[in-house]
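Secondary and tertiary structure notes
Residues per chain, in single letters:
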Amino acid sequence: MHAFFHTQAAQRRAKPPRSTPRATPAAAPRGCLMQLTVDAAAVTDLRALVMRTCGAGMEFMRVEACDHGARVKVWLCLSRALAGQVMEAVMRALPGAEFGRMTALAQRAAA
């Protein structure tokens with residue numbers, strides 16, 4: 001059988017059902033989880049810097065000690081638009097900071 005041969009029944013199953021267009025979630029800001037590592041002594045400065053930059057735009061901040069307490073890993077959950085501003089501010093104020101991965105978060109359904 002040819003790789004591109006499909007019966008009509010298989011083609012109907014493969015096509016998504018047609019539905020009315022929904023409102024796009026473009027109006028809601030896309031969130032992301034940004035990971036970075038800083039010296040333990042700079043955590044307070046980092047928190048103040050992020051709060052000045054984001055304000056209420058930051059959903060949460062998680063801090064975990066690593067390297068026997070000398071450094072800390074920080075996860076920031078914020079909008080993708082604010083992530084660039086935070087990265088720029090952190091690079092200027094805390095040159096020893098190391099940026100890790102940035103993960104896009106799934107959109108939440110409107111309730």
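Our structure is the block above this text.
Nothing here was measured: the structure is a model prediction, and the numbers come from that model.

1. Let's talk about the environment of Arg 30
As for its placement among the helices and strands, Arg 30 is situated in the loop between helix 1 (8-14) and strand 1 (31-39). Those residues in contact with Arg 30, other than ones at most four positions away along the chain, are Leu 78, Ser 79, Arg 80, Ala 104, Leu 105 and Gln 107.

2. Observations concerning the pattern of salt bridges
Overall, the coordinates contain four salt bridges when judged by the stated rule. Arg 71 is paired through a salt bridge with Asp 39; the nearest N and O atoms lie 2.7 Å apart. Of this pair, Arg 71 sits in strand 3 (residues 71-79) while Asp 39 sits in strand 1, placing them 32 residues apart in sequence. On the basis of relative accessibility, which here comes to 14%, the residue Arg 71 falls in the buried class. Arg 71 is the partner of Glu 98 in a salt bridge, and the nearest nitrogen-oxygen pair spans 3.6 Å. Taken together, the residues Glu 98 in strand 4 (residues 98-104) and Arg 71 in strand 3 connect sequence positions 27 residues apart. The exposure class assigned to Glu 98 is partly exposed, which follows from its relative accessible area of 47%.

3. Comments concerning the environment of Ala 65
Take Ala 65: it is sitting in strand 2 (residues 60-66). Here the alpha-carbon distance between Ala 65 and Val 38, two residues 27 residues apart in the chain, equals 9.9 Å. Not counting the four nearest positions on each side in its chain, Ala 65 is found in contact with Arg 71 and Val 72.

4. Concerning the side chain of Arg 71
Side-chain polar atoms of Arg 71 contact the backbone oxygen of Thr 37, separated by 3.3 Å. Of the polar contacts made by the side chain of Arg 71, one reaches the side chain of Asp 39; its length is 2.7 Å.

5. Description of helix 3 (residues 80-93)
Relative to the 20 Å expected for 14 residues at 1.5 Å per residue, helix 3 spans 20 Å between its end C-alpha atoms, a close match to the ideal helical length. Every buried residue of helix 3 is listed here: Leu 82, Ala 83, Val 86, Ala 89 and Val 90. Down the axis of helix 3, the smallest arc covering the buried residues is 135 degrees, so these residues share one side. Within helix 3, the exposed residues directed more than 90 degrees away from the buried face are Ala 81 and Arg 92. Turning to helix 3, the residues buried within the fold contact strand 1, helix 2 (43-54), strand 3 and strand 4.

6. Here we look at helix 2
Over its 12 residues, helix 2 runs 16 Å from end to end, which matches the ideal 16 Å to within 8%, given 1.5 Å per residue. Taken together, the buried positions of helix 2 are Val 43, Leu 46, Leu 49, Val 50 and Cys 54. The buried side chains of helix 2 occupy one side of the element, clustering within an arc of 125 degrees when seen end-on. Of the exposed residues in helix 2, the ones pointing more than 90 degrees away from its buried face are Thr 44 and Arg 52. Looking at the buried positions of helix 2, the neighbouring elements they touch are strand 1, strand 2, strand 3 and helix 3. Positive phi shows up at Gly 55, right after helix 2, with a value of about 65 degrees.

Criteria and cut-off values
Residues numbered from 1 in each chain as written. Predicted model: local features only at pLDDT ≥ 70, side-chain atom pairs only at ≥ 80, totals over all residues. Heavy atoms only, no water. Helix = DSSP H or I, 4+ residues; strand = E, 2+ residues; numbered from the N terminus. Contact = heavy atoms within 4.5 Å. Salt bridge = Lys/Arg side-chain N within 4 Å of Asp/Glu carboxyl O. Buried < 20%, exposed > 50% of the residue type's maximum accessible area, 1.4 Å probe, protein only. Polar contact = N/O pair within 3.5 Å; in protein donor to acceptor, adjacent residues only side chain to side chain. Expected span 1.5 Å × (residues − 1). Arc of directions from axis to C-beta.

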